[in-house]
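Breakdown of the fold
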Amino acid sequence: LPGIIKDAQPIPSGADIRAAREAAGVNLRDFARMMNGPAFRTWSTYETGKAIRVKSISPDVWQRVRDFILQHGKKEGKEA
């Protein structure tokens, strides 16, 4: 039924996470602490394009990551 089941939001790419993290001036260890999710090593692996078990990361953590990207990510129409 429409409106009852919320559409699943996409998992952000490692490149998007890295761009937002660097724009915010946050290192990997601090980012991992801020997300209250997997260890910095997992984020490092993901940012470099290597496979991780994205389903093992809770939806709450992914939502914090999306919020972080919205706040610090590259703005449309702006050059890096």
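Going by the structure above, here's the rest.
Everything quoted here is computed from the prediction, not taken from an experiment.

**With respect to the nonpolar core**
Ranked by size, the top nonpolar core spans 15 residues in total, and within it I17, F31, M35, W43, W62 and V65 carry the most contacts. Counting residues per element, this core draws most heavily on helix α4 (residues 59-72), which supplies 5 residues. Residue contacts for I17: discarding those within four places in its chain leaves P12, F31, W43, Y46, E47, W62, V65 and I69.

**Description of unusual backbone geometry**
Although it is not a glycine, N36 sits at a positive phi angle of roughly 50°. Within the secondary structure layout, N36 lies in the loop between α2 (28-35) and α3 (40-47). When its relative accessible area of 60% is taken as the criterion, N36 is described as exposed.

**Describing the packing of aromatic side chains**
Within this structure, the stated rule accounts for 4 aromatic pairs. An angle of 70° between the planes, with centres 5.2 Å apart, marks the rings of F31 and F68 as edge-to-face. Taken together, the residues F31 in helix α2 and F68 in helix α4 connect sequence positions 37 residues apart. Considering the side-chain rings of W43 and W62, the 5.6 Å spacing of their centres and the 85° angle between planes classify their relative orientation as edge-to-face. Within this pair, whereas W43 is found in helix α3, its partner W62 is found in helix α4, the two being separated by 19 residues in sequence. Classification of W43 as buried rests on a relative accessible area of 0%.

What counts, and where the lines are drawn
Residues numbered from 1 in each chain as written. Predicted model: local features only at pLDDT ≥ 70, side-chain atom pairs only at ≥ 80, totals over all residues. Heavy atoms only, no water. Core = buried A, V, L, I, M, F, W, Y, C linked by side-chain atoms within 4.5 Å. Buried < 20%, exposed > 50% of the residue type's maximum accessible area, 1.4 Å probe, protein only. Helix = DSSP H or I, 4+ residues; strand = E, 2+ residues; numbered from the N terminus. Contact = heavy atoms within 4.5 Å. Phe/Tyr/Trp six-rings, centres within 6.5 Å; stacked < 30°, edge-to-face > 60°.

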